[in-house]
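Survey of secondary and tertiary structure
The primary structure of each chain is shown beneath.
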Amino acid sequence: MQRPFTSVIFSTKKMTWLRYCVCVLLWVSWWWGKEAATAMAFTGVNMENEIPSTLDGPFRPLTIPLDASLRTGSEDLPSYDPRLVKRVPSIFPEQIMLALSTSPHDMWLSWITGDAQIGPKVTPLEPSSVESEVYYGTESGSYAHFARGESHVYNQTYPFQGLLNYTSGIIHRVLITGLRPSTKYYYRCGDTSLSALSEEREFVTPPTSGPHNYLNRIAVIGDLGLTENSSSTFDHLVENDPSLVLMVGDMVYANNYRTIGNKGVACYECDFPNTPIRETYQPRWDAWGRFMEPLLSHVPMMVLGGNHDIEPQAGGITFASYSARFAVPSQESGSNSSLYYSFNAGGVHFIMLAAYIDYNQTGAQYAWLKQDLANIDREVTPWVVASWHPPWYNSYTNHYQEFECMRQQLEDILYAYGVDLVFNGHVHAYERTNRVYNYNLNPCGPVYITIGDGGNIEKLATNHADAPGYCPKEVYKPEYGGVCPFNYTSGPAKGKFCWDRQPDWSAFRESSFGHGILEVKNATHALWTWHRNQDAYGNVGDRIYIVRQPEMCIHGVAFM
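Reading the values: rules and limits
Residues numbered from 1 in each chain as written. Predicted model: local features only at pLDDT ≥ 70, side-chain atom pairs only at ≥ 80, totals over all residues. Heavy atoms only, no water. Disulfide = S-S within 2.5 Å. Helix = DSSP H or I, 4+ residues; strand = E, 2+ residues; numbered from the N terminus. Buried < 20%, exposed > 50% of the residue type's maximum accessible area, 1.4 Å probe, protein only. Pairing = 2+ DSSP bridges. Axes fitted to C-alpha atoms, helices over the stretch in contact; angles between N-to-C directions. Contact = heavy atoms within 4.5 Å. 1 Å grid on protein atoms, 1.4 Å probe; cavity = no way out; pocket = protein on both sides within 12 Å on 5 of 7 lines; lining within 4 Å. Points joined across faces, edges and corners; volume = space filled by probe spheres on them. Nonpolar A, V, L, I, M, F, W, Y, C, P; charged D, E, K, R; others polar. Salt bridge = Lys/Arg side-chain N within 4 Å of Asp/Glu carboxyl O. pLDDT = per-residue confidence, 0-100. UniProt positions renumbered as here; feature names shortened; annotations may be inferred. Phe/Tyr/Trp six-rings, centres within 6.5 Å; stacked < 30°, edge-to-face > 60°.

Digging into the state of the cysteines
By definition, a disulfide links the sulfur atoms of two cysteine residues through a covalent bond. The tally for this structure, following the rule as stated, stands at 4 disulfides. Cys405 shares a disulfide with Cys484; S-S distance 2.0 Å. The sign of the S-S torsion, about 100°, decides the handedness of the disulfide formed by Cys405 and Cys484: right-handed. Here Cys484 lies in the loop between β24 (447-451) and β25 (506-510) and Cys405 lies in helix α7 (residues 404-416), a separation of 79 residues in the sequence. Cys405 gets classed as buried once you look at its relative accessible area, which sits at 8%. Under the relative-accessibility criterion, Cys484 is labelled partly exposed at 23%. With a sulfur-sulfur separation of 2.1 Å, Cys471 is cross-linked through a disulfide to Cys498. Judged by the torsion about the S-S bond (80°), the Cys471/Cys498 disulfide is right-handed.

What to know about the sheet that holds strand β28 (residues 542-547)
As summarised here, the arrangement of the 6 strands in space is β16-β15-β14-β26-β27-β28, forming an open sheet in which the pairing is mixed. Every other strand in the sheet has two partners, leaving β16 (301-303) and β28 as the edge strands with one partner each. Averaged over all neighbouring strand pairs, the angle between strand axes comes to 20°, with direction disregarded. Its contacts with the sheet place helix α2 (residues 228-239) against β14 (218-221), β15 (244-247), β26 (514-520) and β27 (525-532), and it is angled at close to 20° to β26.

A look at the layout of surface pockets
In this structure, the largest pocket encloses a volume near 510 Å³. Lining the largest pocket are 23 residues, and of these Asn307, His308, His399, Glu458 and Tyr476 lie nearest its centre. Within the lining of the largest pocket, the residues separate by chemical class into 8 nonpolar, 7 polar and 8 charged. Taken as a whole, the second largest pocket spans an internal volume of roughly 350 Å³. If you go around the second largest pocket, you meet 18 residues; those closest to its centre are Val204, Asn216, Asp241, Pro242 and Ser243. Of the residues forming the lining of the second largest pocket, the biggest block, 3 residues, is contributed by strand β13 (residues 201-204). Each residue belonging to the lining of the second largest pocket can be placed in one class, and the counts come to 9 nonpolar, 5 polar and 4 charged.

Describing the pattern of salt bridges
Summed over the entire model, instances satisfying the criterion amount to 24 salt bridges. Between Arg83 and Asp81 there is a salt bridge, and its shortest N-O distance comes to 3.0 Å. For Arg83, a relative accessible area of 31% puts it in the partly exposed group. Given the relative accessible area of 10%, Asp81 is considered buried.

Regarding the sheet that holds strand β3 (residues 107-113)
Taken in spatial order, the 4 strands of this open sheet run β2-β3-β10-β7, and their pairing is antiparallel. Only two strands of the sheet have a single neighbouring strand rather than two, namely β2 (94-100) and β7 (150-152). When the angles between neighbouring strand axes are averaged without regard to direction, this sheet yields 20°. Helix α4 (residues 283-296) rests against β2 and β3 of the sheet, and its axis sits at about 60° to β2.

Looking at the confidence of the model for the chain
The predicted structure's coordinates, where accompanied by low pLDDT, should not be read in detail. Averaged over every residue, the pLDDT of the chain is 91; residues scoring 70 or more account for 90%. Scored below 50 in pLDDT, residues 1-48 shows 96 contacts in the model against residues more than four places distant or in partner chains.

A closer look at the UniProt feature "domain: Purple acid phosphatase N-terminal" (unreviewed entry) in the chain
Mapped onto the present numbering, the UniProt feature "domain: Purple acid phosphatase N-terminal" (unreviewed entry) falls at residues 93-205. Along residues 93-205 one finds 0% helix and 49% strand; the C-alpha atoms at either end are 22 Å apart.

Here we look at the packing of aromatic side chains
For the structure shown, the criterion picks out 33 aromatic pairs. Aromatic pair Tyr439 and Phe486: ring centres 5.0 Å apart, planes at 20°, arrangement stacked. A residue pair is termed long-range when its members are at least 10 positions apart, and Tyr439 in the loop between β22 (436-437) and β23 (440-441) and Phe486 in the loop between β24 and β25 qualify at 47 residues. The same class applies to Tyr439 and to Phe486, which are both buried. One aromatic cluster is present, built from ring pairs that chain together Trp388, Trp392, Tyr393, Tyr439, Tyr448, Phe486, Tyr488, Trp499 and Trp505.

This is the structure we're talking about:
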């Protein structure tokens, strides 16, 4: 077990004196009676094999050295791979995916029919030519209920000589309502008038929101792509039998291709420095939908947009494929954008934020976030989990402090409302922090987990900003927003842009491909496990109980 790191500094920035005093009392209780406090707080969870908890922290920073035998990257799967090719006639449903709504009584279902087109000139399909129907029930082969939805197509066009345009198949989307929580349903989707229904699939609805109701396992993946490494990540994830998949952005990496397809590259700017716009090869989205369908047709996936999902077109159009392909409960959660929204899954409230549109305190997303946080009832959903694509707490050289501006805009309100856990991607490696706020160790701050290690074509991040010679000379300019380089104001790195050793707030980091599983046990304890692709099933790369202390950390304090 890792031993706690005892150098703790509390930030008082924008904290009420009451909250500050509570944090000091928490530190004193940890220092003088950690073992007793842990025993009293811990009930009903099996701690066999001495799995550490956040109550044992903060931990001394630990780096697992890079395994030289690992391949740090692999090429994309070819388009003729059996997992990527179309397997049904044109009018039949494919790329079937589920997504949660804000209520356990509802479930989103989407699929695609028809054939996408790519070429200099493309003609969009007529969405109304194929109906959007779902037949479902609680008994296999018996479908007592029916739902109808809407359909649409999207285009990815480039008004530049030599570039190819794309128009999608017909994307169908149905909101199934009136479902019973924690119930298995069987369904078929398609168009009965064309005798084109899918084979039978099934899904299980989430439990009702409440402090004793939780999904069995929530899988968390990021920056997946479509490589051999991605395939290994996917296979390991399926073995863990998740009840929900949380995808923290950068799904496909279609923008690592030219519009003509051919071969994807690890660095687009390096291989194609003179293209008039960052091109994409949209058929990779269709291939990814087929690749993921065996899982996502019976397990819901919740998504957010990463930088590789922006895919700009002429005229300022962005996120066209992301917005068209994925159903998310934006309207149900009061958002006016599919790029940020929230939902409940049992006793957990999830907040999905957007880093590549306006996140400033004067903008619509911030206003929505403030209202969403104020509406949370911790008696109903004790856990609050937030997610966005690029990490704020990142000790790797790649993307170091890239979204410091976003942290400065949003961290205070997330801390004030007691967000428990944050998931990010973007950096192609794994890192877990101690509880932290404003770069200082703080027992009431969230645990931040970077899990951008899904296996995409751009390879692993292996260099650390604290290693000699690897501190960036400047901040990489992100796709949205400016740069806000920050020199640390306290602690061993005071006055510096980078630490000269692994930062105190970084508890564990390793460059390996993998995925994570979150198992919320009760209102105070959740087991987090990171599974590395190179490990046999059942082995783990990192495991810790994340423990909430609502009696010590005051949530929902007045925020001005």
